Amino acid sequence: MSAAAPMTESRPAAVRVLAVLLALTALATASVEWLNWYYAADGGYPLFVRTGWALLRSLLFLVLIFHLWRGRHGAAPFGLILAVTTLFSLARLVVPKQGAPAVPGVIGFGVVAVLCLTVVLLLYRSASVREYLARPKLRWWISRDGLTRKQMPARPQVPGWVLTTRVAVFSYSALMLVACVVAVGRLFDGDVTLLPVIVGWFVFALMVSYVALFLSIFLVKGKRWVRLQLVLLTLVVLLVHLPLCRALLGVDGLVRDGGPLLVAALLALWGLWRAGRNGHFVPTDQRSAAQPDQAATTATR
């Protein structure tokens, strides 16, 4: 038990501070969304849907606190995707269709932006947080000695950029479903002929979620062929989602509902490129031979 003693100590101060900041970010985000709903005069059904989705998104900060508290390696990329998409989601609520945004909403957006930036900096720049997320995990075991906590066998960690791509790809379906629900408002206005298009959009979003889940399994394993499949999936999603946003929701909908998905797609492609550059997709039997060359290249930079 002596080896496990250091791992049972209290969490670092940076981790506790980060958990408090995440809770404040969730509270601030929900407050700004409520303020925007209070001051909005021309939102209607689309604003109701987007505000409801934004409030649900705020709860994801509580999920991130759970992952952080458990010391899970995926907390950092999850936090990055959540911070970026939250800012875009909040921005599309604060900016009205006409006129200038309300001053309280602008101030609130600035506060949330500072909180999100601080959260991302702590996740990626704090040595204490990085060490905590990479520490060996402890689990409860029942043996002849009773109930004890033992260190889990070490497993190779998934690179952060791979997790970033995985989380970003998973967000495609949710972002498309929100736009679909907003487009349902056209049916309430009497455009019943759009029903097959909206249903097809909805089914396509569900199919993307299953394809993303399937490809993410091989992404984590470092299969080289999955890179092309993820790029193709991203391009198909953009080619379907953006024109539908423009046709059914107008330019305003293209910006508000197409913009967040475009950002998620860029993050997914960027993470995929960085993961390939770091050798994640090199076959296992070739990685050991490539390590010295990579180390030498890193040393010369």
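Predicted model, so just to flag it, every value in this text is computed and none were measured.

Caption draft 1: Looking closely at a nonpolar patch on the surface. A contiguous nonpolar surface patch, about 760 Å² in accessible area, is contributed by V192, L195, V199, F202, V203, L206, M207 and Y210. Of note, F202 is situated in helix 7 (residues 195-221).

Caption draft 2: Main features of the side chain of R57. With respect to the helices, strands and loops of the structure, R57 is situated in helix 2 (residues 44-69). Look at R57: it is buried, it has no salt bridge, and the nearest opposite charge is E33 at 6.7 Å. Setting aside residues up to four positions removed in sequence, R57 forms contacts with L82, T85, T86, S89 and L175.

Caption draft 3: Representation of the environment of K223 within the structure. Summarising the element assignment, K223 is placed in the loop between helix 7 and helix 8 (225-277). Spatially, the C-alpha atom of K223 lies 8.3 Å from that of V282, the residues being 59 residues apart in sequence.

Caption draft 4: Focus on the packing of aromatic side chains. Counted under the stated rule, the structure contains 4 aromatic pairs. On the numbers, 5.1 Å between centres and 55° between planes, the contact of F218 with W225 is tilted. An aromatic cluster is built from W161, W270 and W273, whose rings are joined through pairwise contacts.

Caption draft 5: Focus on helix 3 (residues 75-94). Helix length check: helix 3, at 20 residues, gives a terminal C-alpha distance of 28 Å against a target of 28 Å (1.5 Å per residue), a fit within 8%. Of all 20 residues in helix 3, 16 are buried; the element is thus mostly enclosed.

Caption draft 6: Helix 7, seen in detail. In this model, helix 7 (27 residues) spans 40 Å end to end at C-alpha, consistent with the 39 Å of a helix rising 1.5 Å per residue. Here the buried face of helix 7 lies against helix 6 (160-188) and helix 8. Looking one or two places after helix 7, you find G222, whose phi comes out positive at around 80°.

Caption draft 7: Here's a closer look at the confidence of the model for the chain. With 81% of its residues at a pLDDT of 70 or more, the chain shows a mean pLDDT of 81. Per-element confidence in the chain is highest for helix 7, whose mean pLDDT is 93, and lowest for helix 9 (residues 284-300), whose mean pLDDT is 47. Between residues 1-8, whose pLDDT stays under 50, and residues either more than four places distant or in other chains, the model counts 8 contacts. Contacts of residues 289-301 to residues separated by more than four positions or lying in other chains number 3 contacts, the stretch itself having pLDDT below 50.

Caption draft 8: Up close: the environment of G200. By the secondary structure assignment, G200 is in helix 7. Here G200 falls in the partly exposed class, since its relative accessible area comes to 37%. Between the alpha carbons of G200 and C180 there is a distance of 9.6 Å; along the sequence they are 20 residues apart.

Cut-offs and rules
Residues numbered from 1 in each chain as written. Predicted model: local features only at pLDDT ≥ 70, side-chain atom pairs only at ≥ 80, totals over all residues. Heavy atoms only, no water. Patch = residues over 30% accessible without salt bridge, like charges linked within 9 Å, V, L, I, M, F, W, Y side chains within 5 Å. Areas by Shrake-Rupley, 256 points an atom, 1.4 Å probe, with all protein chains shown as cover. Salt bridge = Lys/Arg side-chain N within 4 Å of Asp/Glu carboxyl O. Helix = DSSP H or I, 4+ residues; strand = E, 2+ residues; numbered from the N terminus. Buried < 20%, exposed > 50% of the residue type's maximum accessible area, 1.4 Å probe, protein only. Lys, Arg positive; Asp, Glu negative; His and termini not counted. Contact = heavy atoms within 4.5 Å. Phe/Tyr/Trp six-rings, centres within 6.5 Å; stacked < 30°, edge-to-face > 60°. Expected span 1.5 Å × (residues − 1). pLDDT = per-residue confidence, 0-100.

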